[in-house]
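# Structural features, examined
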Amino acid sequence: RALARYFAQNRASYGPSPVAGFVGVDAKNSDRHVFTLWQSGTGLPDQSYYLEDRFADARAGYVSYLETLYDLAGWDGGADAARDILALETRIAEDQWTRIQNRDPEARYNPMAVADVVAMYPNLHVDVMAETLGLPASLDSVIVGQPSFLAGLDSLMAEVPLETWKTYARARTL
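Numbers given for residues are sequential positions, taken from 1 along each chain in its written order. Only residues with pLDDT of 70 or above have their local features reported here, since the model is predicted, and side-chain atom pairs are shown and tallied only from 80 upward, although totals for entire chains, interfaces and linings are computed over all residues. The basis for the side-chain values is all heavy atoms of the structure; hydrogens and waters are excluded.

## Digging into the packing of aromatic side chains
For clarity, the threshold we go by: Aromatic pairs are defined between Phe, Tyr and Trp rings, using the six-membered ring for Trp, whenever the two ring centres lie within 6.5 Å; interplanar angles under 30 degrees are classed as stacked, those over 60 as edge-to-face, and all others as tilted. The buried label goes to any residue with under 20% of its type's maximum accessible area, the exposed label to any with over 50%, and the partly exposed label to all in between, with areas taken from a 1.4 Å probe on protein chains only. Note on conventions: DSSP H or I runs of at least 4 residues are helices, E runs of at least 2 residues are strands, and numbering of each starts at the N terminus.
Scanning the model with the defined rule gives seven aromatic pairs in all. When the centroid spacing of 3.9 Å and the interplanar angle of 25 degrees are considered together, the rings of Tyr 49 and Phe 55 count as stacked. Classification of Tyr 49 by relative accessible area gives partly exposed; the value is 22%. Consider the rings of Tyr 62 and Tyr 65, whose centres lie 6.2 Å apart with planes at 20 degrees: the pair is stacked. Highlighted residues: Tyr 62 and Tyr 65, both in helix 3 (residues 56-73), separated by three residues, approximately one helical turn. The class for Tyr 62 is buried, based on a relative accessible area of 8%.

Below you can see the structure in the form of structure tokens.
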């Protein structure tokens, strides 16, 4: 719960978070505003940069960049941190939708009751996220942009050690 609150607080100030939660106009009812959950969490442009061989140089450059951040901040362990961050972001990217999938407005419009989202993705603590972002307690529904991404992230929140999430957040904050 504390990690979900931390990521929600970061999201409110455009800080690092593996999921974006924001209020916007409902794509199917412009008289209404809705809370939307959307994939996020990677430092490279999209999932292909993590998963395709043709972007191996970009990944190597990203690792070097992360190591440099650690060096400039005066922190030890930059090489290990960079390796751990790339590994975590690669796991996040494995569940992200492609740019082509995200172009389908019907596929990414998935209204769900908040109670159902909380039940389906218990490790994301969407209720804590909504509360932290200052959304009204009466919020009863959300739009889920990429349900399969949230399912994968829900598993990661339970599987990935807290120290790895801290390393990720620390570097992404810089």
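## Digging into empty space enclosed by the protein
Our working definition: Of the two site types, the cavity is a set of points on a 1 Å grid over the protein atoms alone where a 1.4 Å probe fits but cannot get out, and the pocket is an open set with protein on both sides within 12 Å along at least five of seven lines, each lined by residues with an atom within 4 Å of a point. Grid points are joined across faces, edges and corners, and a volume is the space filled by probe spheres set on the points. Amino acid classes used here: Ala, Val, Leu, Ile, Met, Phe, Trp, Tyr, Cys and Pro are nonpolar; Asp, Glu, Lys and Arg are charged; the rest, including Gly, are polar.
Counted under the stated rule, the structure contains one cavity of 30 Å³ or more. The computed volume of the largest cavity comes to approximately 50 Å³. If you trace the largest cavity, you find it lined by Ala 4, Phe 7, Pro 18, Val 19, Leu 124, Met 129, Leu 153 and Met 157. Every element with two or more residues in the lining of the largest cavity is listed here: helix 1 (2-12) and helix 8 (147-159). Here the residues of the lining of the largest cavity are counted per class, giving eight nonpolar, no polar and no charged.

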